[in-house]
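An overview of the molecular structure
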Amino acid sequence: MGDTFIRHIALLGFEKRYVPSQHYVYMFLVKWQDLSEKLVYRRFTEIYEFHKTLKEMFPIEAGDINPENRIIPHLPAPRWFDGQRAAENRQGTLTEYCNALMGLPVKISRCPLLLDFFKVRPDDLRLPTDSQVKKPETYLVPKDGKANAAAADITGPIILQTYRSIADYEKSSGTEMALATGDVVDVVEKGESGWWFCQMKTKRGWVPASYLEPLDSPDEAEDPEPNYAGEPYVTIKAYTAVEEDEISLQEGETIEVIHKLLDGWWVIRKEDATGHFPAIYLQKAGQDIVQAQRQIKSRGAPPRRSSIRNAQSIHQRSRKRVSQDTYRRNSVRFLQQRRRQARPGPQSAVSPLAEETDRPKPQPAVPPRPSADLILHRCSDSTKRKLASRV
């Protein structure tokens, strides 16, 4: 067999989703060298980061040394999901970008970074279901290829959520965005790892969710409810607990996630123990570990709210958080119930306790009633005369 490569990438449209928050994914039909066609879904933030990594791998072709040598296409992002026109223009931009990628020299168009990015992921096969809050909305590019007509189906502008920074944040990489206390940002995408992609005027980048608070309430309204049934995950990096409510684990351990908090610090269960653990260090079985470890390398685990110094909230009351004791108590109660239900034995069998309950109980012995002659014999002489007179 020959080398693996991509023949063509076609943008089919985009899909509006609502979990964990409102966001958009673009649908690409990827045609491989064996003529197989695969449908993949990618967020624009993922495409933008892939583009920046590609430029770092090929600095000459990206024009970093000499702008005249640039052959890697541009991916402008002047505006982020802030209206119908932005969504409309982005479809045309992505179509041109993908076509240009396929026309690059083989060392770029067939490099492992590009091939891995467009491979099918488990998330591409597990599409959102109708049981979620809202059903995803799909907008396909028409057959004539005009992106404007597809965008005409969008109803109204895209409204972004606005948050406020509770403390100063210094960015540690080029993909992040620095914040000052009181800065108001628009959240474009809420990542499950606890890193949110935000924009503020002309600035944009990833920000730890722990540094942000809603303007109307200290609580995050989109935090899901705990799921004590648990969801199996595997640790892809070791972590040593720092706070009392955290849990230490080694790489490769299998655990159960019982609460996916949006700040990126999930509550997990290992046997009967529970504790917070960085979501970015967890992965479902079967997913691409290379991409996950690349994300860890670029940003790592976000800081926790409890570790932020000089935090200044505009809300008088503090955030509501479930205590670790409550997590443990509810988790142990659920595990005990599940173990009782899993005990082997025929359903029709009657327990000893039930047999005792169903068996008729012996009645206490009743002494025989004395005869009339015996009663008269026991009575006094005066009583005997009274009884005889009544007769």
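Everything here concerns the structure above.
Quantities reported herein were computed from a predicted structural model and do not represent experimental measurements.

The next point concerns helix H1 (residues 44-57). Helix length check: H1 (14 residues) gives 20 Å between terminal C-alpha atoms against 20 Å at 1.5 Å per residue, within 8%. All of the buried residues in H1 are Phe-44, Thr-45, Ile-47, Phe-50, His-51 and Leu-54.

To continue, consider empty space enclosed by the protein. Throughout the structure, instances matching the rule amount to 2 cavities of 30 Å³ or more. Each pocket or cavity is described by its volume, and for the largest cavity that value is around 90 Å³. In terms of residue count, the dominant contributor to the lining of the largest cavity is strand S9 (residues 212-214) (3 residues). Considering only residue class, the lining of the largest cavity consists of 7 nonpolar, 1 polar and 7 charged.

Pairing of strand S10 (residues 231-235) with strand S11 (residues 254-259), which is carried by 4 bridges, proceeds in the antiparallel orientation. Paired with Tyr-233 across the bridge in S11 is Ile-255. Relative to strand S14 (residues 282-283), S10 runs antiparallel, the two sharing 2 bridges. Each bridged residue has a counterpart across the sheet, and for Thr-235 the counterpart in S14 is Leu-282.

Turning next to the layout of surface pockets. Volume-wise, the second largest pocket comes out at about 450 Å³. Along the wall of the second largest pocket there are 20 residues; nearest its centre are Asp-223, Leu-261, Lys-320, Arg-321 and Val-322.

In this section: the nonpolar core. Across soluble globular proteins, nonpolar side chains show a tendency to be buried alongside one another. Counting 38 residues, the largest nonpolar core has Val-185, Trp-196, Cys-198, Leu-212, Ile-268, Phe-277 and Leu-282 as the members making the most contacts within it. Here this core gets 5 residues from one element, more than from any other, and that element is strand S7 (residues 195-200). If sequence neighbours within four positions are ignored, Trp-196 has contacts with Tyr-163, Val-187, Glu-189, Lys-190, Gly-191, Gly-205, Trp-206, Val-207, Ala-209, Leu-212, Glu-220 and Leu-262.

The next thing to look at is the sheet that holds S10. Pairing is antiparallel in the open sheet, where 5 strands are placed in the order S13-S12-S11-S10-S14. Since the sheet does not close on itself, it has two edges, and those belong to strand S13 (273-278) and S14, each with one partner. Two elements, S11 and strand S12 (residues 265-270), share 3 bridges in a ladder whose sense is antiparallel. Pairing of Glu-256 across the sheet is with Arg-269, part of S12.

A few words on a nonpolar patch on the surface. The grouping of Val-184, Leu-215 and Ile-314 at the surface amounts to a nonpolar patch, some 240 Å² of accessible area in total. Looking at where Val-184 falls in the secondary structure, it is placed in strand S6 (residues 184-190).

As a further point, take the side chain of Ser-109. Counting through the fold element by element, Ser-109 comes out in helix H3 (residues 106-109). Ser-109 gets classed as buried once you look at its relative accessible area, which sits at 7%. For Ser-109, the side chain forms a polar contact with the main-chain oxygen of Leu-104, separated by 3.4 Å. Apart from the residues within four sequence positions on either side, Ser-109 is in contact with Leu-101, Met-102, Leu-104, Leu-114 and Leu-115.

Parameters at a glance
Residues numbered from 1 in each chain as written. Predicted model: local features only at pLDDT ≥ 70, side-chain atom pairs only at ≥ 80, totals over all residues. Heavy atoms only, no water. Helix = DSSP H or I, 4+ residues; strand = E, 2+ residues; numbered from the N terminus. Expected span 1.5 Å × (residues − 1). Buried < 20%, exposed > 50% of the residue type's maximum accessible area, 1.4 Å probe, protein only. 1 Å grid on protein atoms, 1.4 Å probe; cavity = no way out; pocket = protein on both sides within 12 Å on 5 of 7 lines; lining within 4 Å. Points joined across faces, edges and corners; volume = space filled by probe spheres on them. Nonpolar A, V, L, I, M, F, W, Y, C, P; charged D, E, K, R; others polar. Pairing = 2+ DSSP bridges. Core = buried A, V, L, I, M, F, W, Y, C linked by side-chain atoms within 4.5 Å. Contact = heavy atoms within 4.5 Å. Patch = residues over 30% accessible without salt bridge, like charges linked within 9 Å, V, L, I, M, F, W, Y side chains within 5 Å. Areas by Shrake-Rupley, 256 points an atom, 1.4 Å probe, with all protein chains shown as cover. Salt bridge = Lys/Arg side-chain N within 4 Å of Asp/Glu carboxyl O. Polar contact = N/O pair within 3.5 Å; in protein donor to acceptor, adjacent residues only side chain to side chain.

Read these as layout, nothing more, since geometry by itself doesn't imply function.
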